[in-house]
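An overview of the molecular structure
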Amino acid sequence: MSLLADLVNLDLSDNSEKIIAEYIWVGGSGMDMRSKARTLSGPVTDPSKLPKWNYDGSSTGQAPGQDSEVILYPQAIFKDPFRRGNNILVMCDAYTPAGEPIPTNKRHAAAEIFAHPDVVAEVPWYGIEQEYTLLQKDVNWPLGWPIGGYPGPQGPYYCSIGADKSFGRDIVDAHYKACLYAGINISGINGEVMPGQWEFQVGPSVGISASDEVWIARYILERITEIAGVVVSFDPKPIPGDWNGAGAHTNYSTKSMREEGGYEIIKKAIEKLGLRHKEHISAYGEGNERRLTGHHETADINTFLWGVANRGASIRVGRDTEKEGKGYFEDRRPASNMDPYIVTSMIAETTLLWNP
């Protein structure tokens, strides 16, 4: 008699060419992820060859009950690390039956910015540092923390090892490998300053693909924590007090910045970002005011400043970039719950298309 695990891990390629495609989209809150699966007659590698599909938008906060049909447009394909074989994960965005992007579809506007000839010519690279916190499911308290109590103060936990300092490494490593399997350009992981908090990095990736990869990496993380019976939180300040918040530092460069003389281009781009500080902050994630306090490696939310190797700045430029006169910079303002479609396209728009 087969066990449940045997059936879950069945290799369909043994007796069928059919595959399973998991269609994934962003729900009505802007942070919740939804998905459902369908059978396809054979392997697919081009998202344009995939069928569109509908769902009940009234059940995700994205459509009224009397006109609830929303249409999923497949946009990017990744290998499925859960079902494996030829099965796929499909990142989608959502439209009305008439073909209009619904209000929570932030990918559509981002794609238009990234398709602009001036942006295409600059080949924008992004590296996104996604921080998150693992919580004990039934008490909503960080993994490894005593229930109702607190661990020792910050200091021993960043990039730490040991059962008294590092909590959830099996989840983190499983996620790392699953992302690599899926084809996500995940470039690293590390334990963060607050115990129970971790980070993964996606990139460098070009244009809108960086955001597709971050969303799929988030999806895979949610699925793995579901299996592990742990909750993942993207709250920018999950624990009040003398504990680090969680961000999504966004590293950025353009072709001009990466070439000789690029440091001057970087400084001009940073100047533009400073002029639109309020607009960027308003789009960089909910609850960010609880994180951007001027403490715990952040700049105050109302202050824009940049510096070389300054982790208390809004924008940090690395020592190597300053020394070589070219490279990239890091926007440290985005919160961990930011929408990467909004953040990456807004940085490109401000630095490449906007004229003060």
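For clarity, every value in this text was computed on a predicted model and none was experimentally measured.

1. Some words on the side chain of Asn190
For Asn190, the position within the fold is in strand β8 (residues 186-191). Since its relative accessible area comes to 15%, Asn190 is described here as buried. With residues near it in sequence (within four places) discarded, Asn190 still touches Tyr158, Cys159, Trp198, Glu199 and Gln201.

2. Section: helix α2 (residues 107-114)
Those residues of α2 not exposed but buried are Arg107, Ala110, Ile113 and Phe114. The buried residues of α2 occupy one face: seen down the axis, they fall within an arc of 120°.

3. A few points about the UniProt feature "domain: GS beta-grasp" (unreviewed entry) in the protein chain
Per the UniProt annotation, the sites labelled "domain: GS beta-grasp" (unreviewed entry) are residues 19-99. As annotated, residues 19-99 comprises 0% helix and 48% strand, and the C-alpha atoms at either end are separated by 27 Å.

4. Considerations on empty space enclosed by the protein
Gaps left between atoms are located by rolling a probe of water-molecule size over the structure's atoms. Summed over all chains, the structure comprises 3 cavities of 30 Å³ or more. The volume enclosed by the largest cavity comes to roughly 100 Å³. As for the largest cavity, its lining consists of 13 residues, of which Val26, Cys92, Asp93, Thr104 and Asn105 are closest to the centre. Residue assignment for the lining of the largest cavity shows that the elements contributing at least two residues are β1 (19-26) and β5 (88-95). A per-element tally of the lining of the largest cavity places β5 first, with 4 residues.

5. Some details on the UniProt feature "domain: GS catalytic" (unreviewed entry) in the protein chain
Taken from the UniProt record, the annotation "domain: GS catalytic" (unreviewed entry) applies to residues 106-356. For the annotated span residues 106-356, helix accounts for 37% and strand for 20% of the residues, and the straight-line distance between the end C-alpha atoms is 24 Å.

Rules used throughout
Residues numbered from 1 in each chain as written. Predicted model: local features only at pLDDT ≥ 70, side-chain atom pairs only at ≥ 80, totals over all residues. Heavy atoms only, no water. Helix = DSSP H or I, 4+ residues; strand = E, 2+ residues; numbered from the N terminus. Buried < 20%, exposed > 50% of the residue type's maximum accessible area, 1.4 Å probe, protein only. Contact = heavy atoms within 4.5 Å. Arc of directions from axis to C-beta. UniProt positions renumbered as here; feature names shortened; annotations may be inferred. 1 Å grid on protein atoms, 1.4 Å probe; cavity = no way out; pocket = protein on both sides within 12 Å on 5 of 7 lines; lining within 4 Å. Points joined across faces, edges and corners; volume = space filled by probe spheres on them.

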